[in-house]
Amino acid sequence: PPPPPPPTEPEPEHEETTPHSTGRWEELHGNYILRPPPDQQPRALIHFLGGALLGAAPQLSYRYMLERLSSRGYLIVATPYQLSFDHLTTCDEIVGRFELVAPDLAKEYGAVPVVGVGHSCGSLLHMLITSLFPDTPRAANALISYNNRGVGEAVPFFEELIVPLFSDKDRNGSGLMKAVIEVAREKYNGKVPSDDALLQLLQSIPSPIPGLAETLLSPSLIPIPTPIRESLTKMIAEPTYNALSNAGIPSLLLQSLDITQQIPKLIDEVEMGARDFVPTPDAMSSAARRAYRCRRTLLLQFDDDNLDDSEILEGYLKEAESVMKMKRPMITINLERKVLEGSHLTPLLGPSGGEGWGEALEETLGGVLGSMGGGGDGEEDGGSSSAKVVREKLGYEQVERVVDELVAWLDEGSL
């Protein structure tokens, strides 16, 4: 018999731009990775956690600062997290996600010291991880704008306005927000929203009569006919998606949804009875005093930051040092607190396009603004004086000082 025909290769599937890839960033096991310059062994691995809400997309919110640290020779692992009233569950999810990526990086780079760096709520989470998760050691921690406030103090009018508004499931808007986010996510992926997503959206729109939308809108009324769906996809959705993909816009929009989707999740927690963080601020302070065990810690705060609790934490960590020395008298603890010019939002500053945009701005505007500011071409503060003038004029020189301070502190510890 004649030989069977060779197997036909399957049609290549439509390849979508990975929503987790932005510039030099890459996604690995749910973490965002920034590698040091090529052919350079990392000086240390910085495990970064961002602040409340914005920590869900650290590769966007803290892009400039983290890219600057990467260029100084550090391997960056930024673990996104969804804000919750339950900090312990959040810490457990962060540790689990980090442990998925750590073995791969260890195979590639060998043994590298791990330094925890956090901002605001991220600093609080690093403190809890170091205190309550003994299997997650850190060579050092840098806690920026440490914040430990109860919900009532952190969220104005929480009991008076937020709880009454969002504790009623029929009117809190959580379902509508989730439906809008799901439709947006499909749209940003270059698709015509599915029939299920459209049905969920329409049924979530508030109605004067409870249950009216679910009664009137049946699945049989919603489907978009296949020929129309295919035409919309080929004529509008895919061409628009492909055009925007060249500029990386769908990726940025998708990642911004990671921040937005936390809001209905928090509303659901309020509806289910959440009224404060777990552990409470007092319990978290107790954990810091009794169980914090990192031998080297930098507390970095800003002079115009009324949300900062670094000075209070400093006292608790000194108590933790006494507790640790009672168990191991020969141990040495290094604790520093430094105050820089800036505000609670300083680590978020910098061009939204990251270090590359910053360098382009400094090169393009450096001569003009340098002459206006009296700058020359000499080196100063890690960059030319004209570049410094650009950063000052555009308002992100302060974050450059944060990077310099972190690098200098890490250098002192040979990290």
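Parameters and conventions
Residues numbered from 1 in each chain as written. Predicted model: local features only at pLDDT ≥ 70, side-chain atom pairs only at ≥ 80, totals over all residues. Heavy atoms only, no water. Salt bridge = Lys/Arg side-chain N within 4 Å of Asp/Glu carboxyl O. Helix = DSSP H or I, 4+ residues; strand = E, 2+ residues; numbered from the N terminus. Buried < 20%, exposed > 50% of the residue type's maximum accessible area, 1.4 Å probe, protein only. Phe/Tyr/Trp six-rings, centres within 6.5 Å; stacked < 30°, edge-to-face > 60°. Pairing = 2+ DSSP bridges. Axes fitted to C-alpha atoms, helices over the stretch in contact; angles between N-to-C directions. Contact = heavy atoms within 4.5 Å. Patch = residues over 30% accessible without salt bridge, like charges linked within 9 Å, V, L, I, M, F, W, Y side chains within 5 Å. Areas by Shrake-Rupley, 256 points an atom, 1.4 Å probe, with all protein chains shown as cover. Lys, Arg positive; Asp, Glu negative; His and termini not counted. Charge placed at Lys NZ, Arg CZ, Asp CG, Glu CD. Disulfide = S-S within 2.5 Å.

**Student:** Go over the pattern of salt bridges with me, naming the residues and quoting the values.
**Tutor:** Between side chains of opposite charge, a pair can form as their charged atoms come close. Considering all chains together, one arrives at 21 salt bridges under this definition. One salt bridge connects Glu355 with Arg24, and the closest N-O pair in it is separated by 3.6 Å. Taken together, the positions of Glu355 in helix α15 (residues 355-372) and Arg24 in the segment before β1 (26-28) put the pair 331 residues apart, joining distant regions of the chain. Relative accessible area serves as the criterion here: at 7%, Glu355 is assigned to the buried category.

**Student:** Requested: an account of the packing of aromatic side chains, with residues and values cited.
**Tutor:** In total, this model carries three aromatic pairs according to the counting rule given. Aromatic side chains Phe48 and Tyr62 sit 4.8 Å apart centroid to centroid with 65 degrees between the ring planes, which places their arrangement in the edge-to-face category. With Phe48 in strand β3 (residues 45-49) and Tyr62 in the loop between α1 (58-61) and α2 (63-71), the pair connects residues that are 14 residues apart, well separated along the chain. Accessibility assignment for this pair places Phe48 and Tyr62 in one class, buried.

**Student:** Explain the sheet that holds β1 to me, using residue names and the numbers behind them.
**Tutor:** Spatially, the eight strands line up as an open sheet ordered β1-β2-β4-β3-β5-β6-β7-β8, and their pairing is mixed. Two strands bound the open sheet, and with one partner strand each, they are β1 and β8 (334-343). With direction set aside, neighbouring strand axes in the sheet form an average angle of 25 degrees. Both strand β6 (residues 140-144) and strand β7 (residues 296-304) contribute to a ladder of four bridges, which runs parallel.

**Student:** Can you lay out the pairing of β7 for me, pointing to particular residues and giving the numbers?
**Tutor:** Along β7, seven of the nine residues are buried, which leaves the element largely enclosed by surrounding structure. As judged from the eight bridges shared by β7 and β8, these two strands associate in the parallel manner. By the bridge assignment, Gln301 is partnered in β8 with Val339.

**Student:** Tell me about the environment of Leu132, and please be specific about residues and values.
**Tutor:** Mapping Leu132 onto the fold places it in helix α4 (residues 121-132). Looking at Leu132, the relative accessible area reads 38%, which means it is partly exposed. It is 7.4 Å that separates the C-alpha atoms of Leu132 and Ala287, two residues lying 155 residues apart in sequence. Among residues more than four places away in sequence, those in contact with Leu132 are Leu88, Ala287 and Arg293.

**Student:** Tell me about a negative patch on the surface, and please be specific about residues and values.
**Tutor:** Where like charges cluster on the molecular surface, the negative patch consists of Asp92, Glu93, Glu99 and Asp135. Assessed through its relative accessible area of 69%, Asp135 is described here as exposed.

**Student:** Go over the state of the cysteines with me, naming the residues and quoting the values.
**Tutor:** Two cysteines joined by a covalent bond between their sulfur atoms form a disulfide. The tally for this structure, following the rule as stated, stands at zero disulfides. In this structure Cys91 is a free cysteine whose sulfur lies 8.5 Å from that of Cys121, the closest cysteine sulfur available.

**Student:** Tell me about unusual backbone geometry, and name the residues and values.
**Tutor:** Cis rather than trans, the peptide bond between Val278 and Pro279 has omega equal to -5 degrees. Along the chain, Pro279 falls in the loop between α12 (262-271) and α13 (281-291). With phi around 60 degrees, Ser120 is a residue other than glycine that occupies positive phi space.

**Student:** How would you explain a nonpolar patch on the surface if you had to name every residue and give the values?
**Tutor:** A contiguous nonpolar surface patch, about 210 Å² in accessible area, is contributed by Leu361, Leu365 and Leu394. Within the fold, Leu394 resides in helix α16 (residues 385-394). Given the relative accessible area of 43%, Leu394 is considered partly exposed.

**Student:** Describe the pairing of β3, and please don't skip the residues or the numbers.
**Tutor:** Residues in a regular strand point their side chains to alternate faces of the sheet. Of all the five residues making up β3, five are buried; the element is thus mostly covered by neighbouring parts of the structure. Burial along β3 is two-sided: Leu45, His47 and Leu49 and Ile46 and Phe48, pointing in opposite directions, are all buried. Direction of pairing for β3 relative to strand β4 (residues 75-78): parallel, over a ladder of four bridges. By the bridge assignment, Ile46 is partnered in β4 with Ile76.

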